[in-house]
Amino acid sequence: MVTMKWIIGAAVLVCTSALVGCQGGADKPAGTPTPSGAVTGAPTAAAPATSAAAATDPLLSGKREVTITRVQGSGEALEISGRLEEGGDTGGRTLFVPTPIGGDRYVIKAFGVKDDHPANDDPSCWQVNGLDIEPELTIGAVVCDPDDPIQRFTIITKGDGTYAIGSETRYLQHLPGNGLVLKELGNAKLNTTFRFTDKGPADRQPIN
């Protein structure tokens, strides 16, 4: 009887330490290399997650149109035609839809007023003006292409209902005599932030 209990106990121990063998044909565990060197069962890479801000802030969800106003400015909304400016009254677009594209990046779509004119419902997008010279880069409006890196912007929630807007390592700042430019901060303090005001759902029907 003692011998039989010892045999059963040993069998249980072997099965516990070599679980795959005891399961009789169970699949290899995740990450097992194949003879060719490939790894089978390894987890696939997850798709880029949208930012936490986009998940919790409806104004950054891509589902709301907003006006953007410089907090330290005159109170006039930003508009964009040839160049993004503050209250230029040039007939440019003043309604924007920050649209998350993953990894804390956004494309910022621009629309005209809702007046049933088809052209106002076809979006333009913010883009860093490639012909500008460092260190002061401006922003213009072009045909949207979210795969173009110079159409990707960061929007940082400051926690007081305001936002900082940037591109790469630059921030959108107001410089006297130059207007709104993208500029490296260096050792300077960020002195330009923006307030977004909800103007309704982003439900335009583009021409195409």
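Bear in mind the structure is a predicted one, so any value in this text is a computation, not a measurement. (Residues numbered from 1 in each chain as written. Predicted model: local features only at pLDDT ≥ 70, side-chain atom pairs only at ≥ 80, totals over all residues. Heavy atoms only, no water.)

**Q** What is the right way to look at the overall build of the protein chain in this model?
**A** Each helix and strand in the protein chain was counted, giving three helices and 14 strands. By the burial criterion, 31% of the 208 residues in the protein chain qualify as buried. Of the contacts made within the protein chain by residues no fewer than 6 positions apart, 53% connect residues no fewer than 24 positions apart. When the accessible surface of the protein chain is split by element, carbon and sulfur atoms take 57% of a total near 12,300 Å². (Helix = DSSP H or I, 4+ residues; strand = E, 2+ residues; numbered from the N terminus. Buried < 20%, exposed > 50% of the residue type's maximum accessible area, 1.4 Å probe, protein only. Contact = heavy atoms within 4.5 Å. Areas by Shrake-Rupley, 256 points an atom, 1.4 Å probe, with all protein chains shown as cover.)

**Q** Just checking my understanding: could you explain the pattern of salt bridges for this structure?
**A** For side chains of opposite charge, pairing can occur when their charged atoms come near one another. All told, the structure shown has five salt bridges when counted by the stated rule. Arginine 70 is the salt-bridge partner of glutamate 86, the closest N and O atoms lying 3.0 Å from each other. Residue glutamate 86 is located in strand β5 (residues 84–86), and its partner arginine 70 is located in strand β3 (residues 64–70); the two are separated by 16 residues in the primary sequence. The pair glutamate 86 / arginine 70 is uniform in exposure class, with both members buried. We note a salt bridge from lysine 114 to aspartate 203, for which the minimum N-O separation is 3.2 Å. Of this pair, lysine 114 sits in the loop between β7 (105–111) and β8 (124–128) while aspartate 203 sits in the segment after β14 (194–201), placing them 89 residues apart in sequence. (Salt bridge = Lys/Arg side-chain N within 4 Å of Asp/Glu carboxyl O.)

**Q** Looking at this structure, I do not really get the environment of valine 113. What am I missing?
**A** Turning to its location among the elements, valine 113 is positioned in the loop between β7 and β8. As a C-alpha pair, valine 113 and arginine 93 span 20 residues in sequence and 7.3 Å in three-dimensional space.

**Q** Help me understand the nonpolar core in this model?
**A** Ranked by internal contacts, the top residues of the largest apolar core, which has 24 residues, are Leu84, Phe96, Trp126, Leu172 and Phe196. Elements with a minimum of two residues in this core: β3, β4 (78–80), β7, β8, β11 (163–167), β13 (179–184) and β14. For this core, the element with the highest residue contribution is β7, accounting for three residues. With near-sequence residues (within four places) excluded, leucine 84 lies in contact with Leu78, Glu79, Phe96, Trp126, Ile139, Leu172 and Leu180. (Core = buried A, V, L, I, M, F, W, Y, C linked by side-chain atoms within 4.5 Å.)

**Q** Sorry, what's going on with the packing of aromatic side chains here?
**A** Within the structure shown, the criterion is met by three aromatic pairs. For the ring pair phenylalanine 96 and tryptophan 126, a centre distance of 5.5 Å and an interplane angle of 85° mean the geometry is edge-to-face. Placement of the pair is phenylalanine 96 in strand β6 (residues 95–102) and tryptophan 126 in strand β8, with a sequence separation of 30 residues. Both residues of the pair, phenylalanine 96 and tryptophan 126, count as buried. With 4.2 Å between their ring centres and 15° between their planes, tyrosine 163 and phenylalanine 196 make a pair best called stacked. With a gap of 33 residues between them, tyrosine 163 in strand β11 and phenylalanine 196 in strand β14 connect regions that are remote in the sequence. Phenylalanine 196 matches tyrosine 163 in its accessibility class, with the two residues each being buried. (Phe/Tyr/Trp six-rings, centres within 6.5 Å; stacked < 30°, edge-to-face > 60°.)

**Q** Can you walk me through the environment of glutamine 205 in this structure?
**A** Looking at the secondary structure, you find glutamine 205 in the segment after β14. Note on glutamine 205: relative accessible area 64%, which makes it exposed. Along the backbone, glutamine 205 and asparagine 120 are 85 residues apart, and their C-alpha atoms lie at a distance of 9.8 Å.

**Q** Any chance you could explain the state of the cysteines here in plain terms?
**A** Defined simply, a disulfide is a covalent bond joining two cysteines at their sulfur atoms. Per the counting criterion, the structure on display carries one disulfide. Each sulfur of the disulfide joining cysteine 125 and cysteine 144 lies 2.0 Å from the other. With the S-S bond torsion at 95°, the cross-link from cysteine 125 to cysteine 144 turns out right-handed. Placement of cysteine 125 in strand β8 and of cysteine 144 in the loop between β9 (139–142) and β10 (154–157) is noted, with a sequence separation of 19 residues between them. (Disulfide = S-S within 2.5 Å.)

**Q** What's the story with the confidence of the model for the protein chain in this structure? I'm lost.
**A** Close reading of the predicted structure is inappropriate where its pLDDT is low. Per-residue confidence for the protein chain gives a mean pLDDT of 77; residues scoring 70 or more make up 72%. Contacts of residues 1–49 to residues separated by more than four positions or lying in other chains number 17 contacts, the stretch itself having pLDDT below 50. (pLDDT = per-residue confidence, 0-100.)

**Q** What is the right way to read the pairing of β6 from this model?
**A** The two faces of the sheet receive side chains in turn, since in a regular strand these alternate between them. Within β6, six of the eight residues are buried, leaving the element largely enclosed by the surrounding structure. Note: β6 against β7, seven bridges, orientation antiparallel. Its bridge partner being in β7, glycine 102 is matched across the sheet by arginine 105. The turn joining β6 and β7, which pair antiparallel and follow one another in sequence, is formed by two residues; a positive phi near 65° is taken by glycine 103. (Pairing = 2+ DSSP bridges.)

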